[in-house]
Amino acid sequence: MSKPKRQEQEDAQEEISEVAKDILRMQLPIRIPGLGHVNMYALIDNDGAAVIDPGLPGEDSWSAIVSRLAQADLKPKDVHTVFITHSHPDHFGGAVRLHQESGARIVAHRAFHFGGPSGSHKRHTGPDAHVHGPDDHHSEASVDDLVAHMELLERDRRRSRNPLTRIFGALRRITTPAPWKGPADRAKIRESLRWLSFATLGRSKFLPPITHHVEHGDVLKLAGREWFVQHTPGHTADHICLHDPETGAFMSGDHVLPTITPHIGGVSYLSDPLKSFFYSLDRVGEIGGVDLALPAHGHPFDDLKGRAQSIKEHHYERLDEIREIANDIGRADVNAFMKRLFKERSWGDMAESETYAHLEHLRLEGQAEAHRNEKGRLVYDI
Ligand SMILES: [Zn+2]
Ligand SMILES: [Zn+2]
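This section reports on the structure supplied with the text. (Residues numbered from 1 in each chain as written. Chains lettered and ligands numbered in written order. Predicted model: local features only at pLDDT ≥ 70, side-chain atom pairs only at ≥ 80, totals over all residues.)

1. What about helix α9 (residues 273-285)?
So, step 1. The first and last C-alpha atoms of α9 sit 18 Å apart over 13 residues, in line with the 18 Å expected at 1.5 Å per residue.
So, step 2. For α9, every residue scored as buried is listed here: P273, L274, S276, F277, S280, L281 and V284. Along the axis of α9, the buried residues cluster in a sector spanning 155 degrees; they form a single face.
So, step 3. Buried residues along α9 sit against β9 (225-231), β10 (240-244), α10 (304-329) and α12 (349-364). (Helix = DSSP H or I, 4+ residues; strand = E, 2+ residues; numbered from the N terminus. Expected span 1.5 Å × (residues − 1). Buried ≥ 20, exposed ≤ 12 C-beta atoms within 10 Å, placed from the backbone. Arc of directions from axis to C-beta. Contact = placed C-beta atoms within 7 Å.)

Written as C-alpha cells, this is what we have:
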C-alpha cells in the first residue's frame, strides 16, 4: 500500500480559496520531488493586489498565475507588489514577468541572493576555511536546496537548449564541490564555474530585480493591514516571514511548513545555519496571538508555536542520532554519517549537505572536532 500524500505533495488545485478576509490562496503547479504545489497568496486592496511567492519561472506556472488571478477578477497588470519570502525559484519565478506586465515593486530581504559564487556574500566555510585558496568557490545557501527543487528540470536540461534549464544544470553541478570533500572530489569545480559563467548570461531572464529591500521589523501595508517583516534565516539566509498582529495572520514561507521540515543545508554564508534556524524557530514561536499560519506549501494551520517547536525537536533528535552513530563508527567523514542518518533513497549531495550542517553545529558548539584526513576530506570526532 502506498503512503498517503503529505499535504505539501498534493497537486495544485485550480480553485482559489479565501483563507482570510482579502487574502486568497492560489495554488501553482511545481514539479519538484516532495512538493506538488506552491501557494501564491494574493492580498487584495483598493489599488489591486500584492502577491506573495509567485511560483516557478516558465509558461506552465505563468498561465496558472493568470487563470488564478482571473478567478478573483484580477489581471497581472493589477499586481502592484510582489513579495518574495526567499531566494528559491519556486518562490520568485513569476516575479520578472509580473514586474514587466505591471511595473510591480518587488520586495525581498536585503540579503536576497540567488546561487553561484559571489564576492559579497561568500563566507569562509568549515573548520579550516583559512586553507581554502582562490579556487574554492563554494555554492551558497540557496543553491543547495535548489538542487532538490530542480532535479526534474535537470533531467529536462539534457534534452533542452533552453537557457533557463541550462542554468539549473550548471547550478546542479556547482554544488558538487563542497567544503567537506577532498581535493580529488572537488576537481570538477572549474568545469562547473565555466558552466555557470556561461549560464549566468541568462540570469536576468528569470532573476527578479529587487526594487524594495526590507529587513527585520520593517512594516508593509498589504490588504489594508500592516505587516511586520520577520527575518528568519536558516532554510536560506535571506528568508523572511510576514506577521499581521491585528488579525493574527502569519505568512510562514518555507520556514515553518505544516508536515515537512525544510531542508537545512550546510553550505551557506551563515556560519552555523542550523543554529540560525533554531533561533528563527524560537523567534516565531515567541510571537503571541498567531492563529492563522499561511505556509508556502500545504494548508493553512493554526499552531505556529507548536509546529516550530516540533521542527526544532526533529533536529535535536537528528543531533542525538549523530552522537549515537559516532559512538558506533568512531571518526568518520560526512558521507559515512550521511549513510547512517538517511535512508538509501535519499543519499546524495542534499543529504550530505544537511548532515554537514548538523556536524558543523556540533563542532561550533564545542561538541565535535574536525580535521582533514589523508584524502583531504573532513572527518569528525564526536
Ligand atoms: Zn525553499
Ligand atoms: Zn519552497
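2. Examining the pairing of strand β5 (residues 79-83)
So, step 1. A large share of β5 lies buried, amounting to 4 of its 5 residues.
So, step 2. Two strands pair when backbone bridges link them, and strand β4 (residues 48-52) and β5 are joined in this way by 4 bridges, in the parallel orientation. Bridging across to β5, A50 finds its partner in T81.
So, step 3. What joins β4 to β5 is helix α1 (residues 59-71), and the crossover it makes is right-handed.
So, step 4. Bridge count for β5 against strand β6 (residues 105-109) is 3 bridges, and the pairing is parallel. From the neighbouring strand, V82 faces β6, where its bridge partner is I106. (Pairing = 2+ DSSP bridges. Right-handed = clockwise from strand over helix to strand, strands pointing away.)

3. Digging into the packing of helix α11 (residues 334-341) against α12
So, step 1. With their axes 9 Å apart at the nearest point, α11 and α12 run at an angle of 105 degrees to one another. Relative to α12, the element α11 is oriented roughly perpendicular. On the side of α11, the interface is formed by V334, N335, F337, M338 and L341, while α12 contributes A351, E352, T355, Y356 and L359.
So, step 2. In the contact of α11 with α12, the residues fall into 7 nonpolar, 2 polar and 1 charged. (Axes fitted to C-alpha atoms, helices over the stretch in contact; angles between N-to-C directions. Parallel < 35°, antiparallel > 145°, perpendicular 65-115°, else oblique. Nonpolar A, V, L, I, M, F, W, Y, C, P; charged D, E, K, R; others polar.)

4. Some details on the environment of L28
So, step 1. Mapped onto the elements, L28 comes out in strand β2 (residues 23-32).
So, step 2. Counting along the chain gives 10 residues from L28 to V38, while the straight-line C-alpha distance between them is 5.3 Å.
So, step 3. Excluding its chain neighbours within four sequence positions, the residues that come into contact with L28 are A12, H37, V38, M40, G55, S61, A64 and I65.

5. Considerations on unusual backbone geometry
So, step 1. Of note in the backbone geometry, D22 takes a positive phi value of approximately 65 degrees without being a glycine.
So, step 2. Mapped onto the elements of the fold, D22 is located in the loop between β1 (17-20) and β2.
So, step 3. The phi dihedral of D53 is positive, around 60 degrees, even though this residue is not glycine.
So, step 4. By secondary structure assignment, the location of D53 is in the loop between β4 and α1.
So, step 5. Residue classification places D53 among the buried residues on the basis of 27 C-beta atoms within 10 Å.

6. A few points about the packing of α9 against α12
So, step 1. The N-to-C vectors of α9 and α12 enclose an angle of 85 degrees; their axes lie 7 Å apart at closest approach. Considered as vectors, α9 and α12 are oriented roughly perpendicular to each other. Here P273, L274 and K275 of α9 come into contact with α12, specifically with A357, H358 and H361.
So, step 2. Its residues assigned to classes, the contact of α9 with α12 shows 3 nonpolar, 2 polar and 1 charged.

7. Quick look at the nonpolar core
So, step 1. With 83 residues, the main nonpolar core has M40, Y41, A42, L43, V51, V82 and I84 as its most contacted residues.
So, step 2. Take this core: its biggest share by element is 7 residues, from strand β3 (residues 35-45).
So, step 3. Split by domain, the residues of this core number at least three in each of domain 1 (7-111 + 209-309) and domain 3 (314-381).
So, step 4. Apart from residues lying up to four places away in sequence, Y41 is in contact with I23, L24, R25, V51, I52, M251 and L294. (Core = buried A, V, L, I, M, F, W, Y, C linked by C-beta atoms within 7 Å. Domains from an automatic or database assignment.)

8. Notes on the environment of M251
So, step 1. Mapped onto the fold, M251 is located in strand β11 (residues 249-253).
So, step 2. In this structure the C-alpha to C-alpha distance between M251 and A296, which are 45 residues apart in sequence, comes to 7.9 Å.
So, step 3. Ignoring sequence-local partners within four residues, the contact set of M251 consists of Y41, I52, T85, C241, L242 and L294.

9. Focus: α12
In an α-helix there are 3.6 residues to a turn, and that puts residues three or four apart on one side.
So, step 1. Counted at 1.5 Å a residue, the expected span for α12 with its 16 residues is 22 Å, and the 22 Å between its end C-alpha atoms agrees.
So, step 2. Where α12 terminates, the next one or two residues include G366, which has phi positive at roughly 80 degrees.

10. Observations regarding the sheet that holds strand β13 (residues 332-333)
So, step 1. With antiparallel pairing, 3 strands are arranged side by side in an open sheet as β13-β15-β14. Strand pairing shows two members of the sheet lacking a second neighbour, β13 and β14 (369-372), which therefore form its edges.
So, step 2. In terms of strand pairing, β13 meets strand β15 (residues 378-381) through 2 bridges, oriented antiparallel. When the sheet's bridge partners are listed, D333 is paired in β15 with V379.

11. Section: the sheet that holds β6
So, step 1. The mixed open sheet is built from 7 strands, whose spatial order is β1-β2-β3-β4-β5-β6-β7. Because the sheet does not close on itself, it has two edges, and the strands there are β1 and β7 (212-214). Neighbour to neighbour, the strand axes of the sheet diverge by 30 degrees on average, direction disregarded.
So, step 2. Each of β2 and β3 touches α1; the most contacted strand, β2, lies at about 165 degrees to it.
So, step 3. Sheet strands in contact with helix α3 (residues 95-102) are β5 and β6, and its direction is about 160 degrees off that of β5.

Everything listed here is a matter of coordinates, which is why it stays silent on function.
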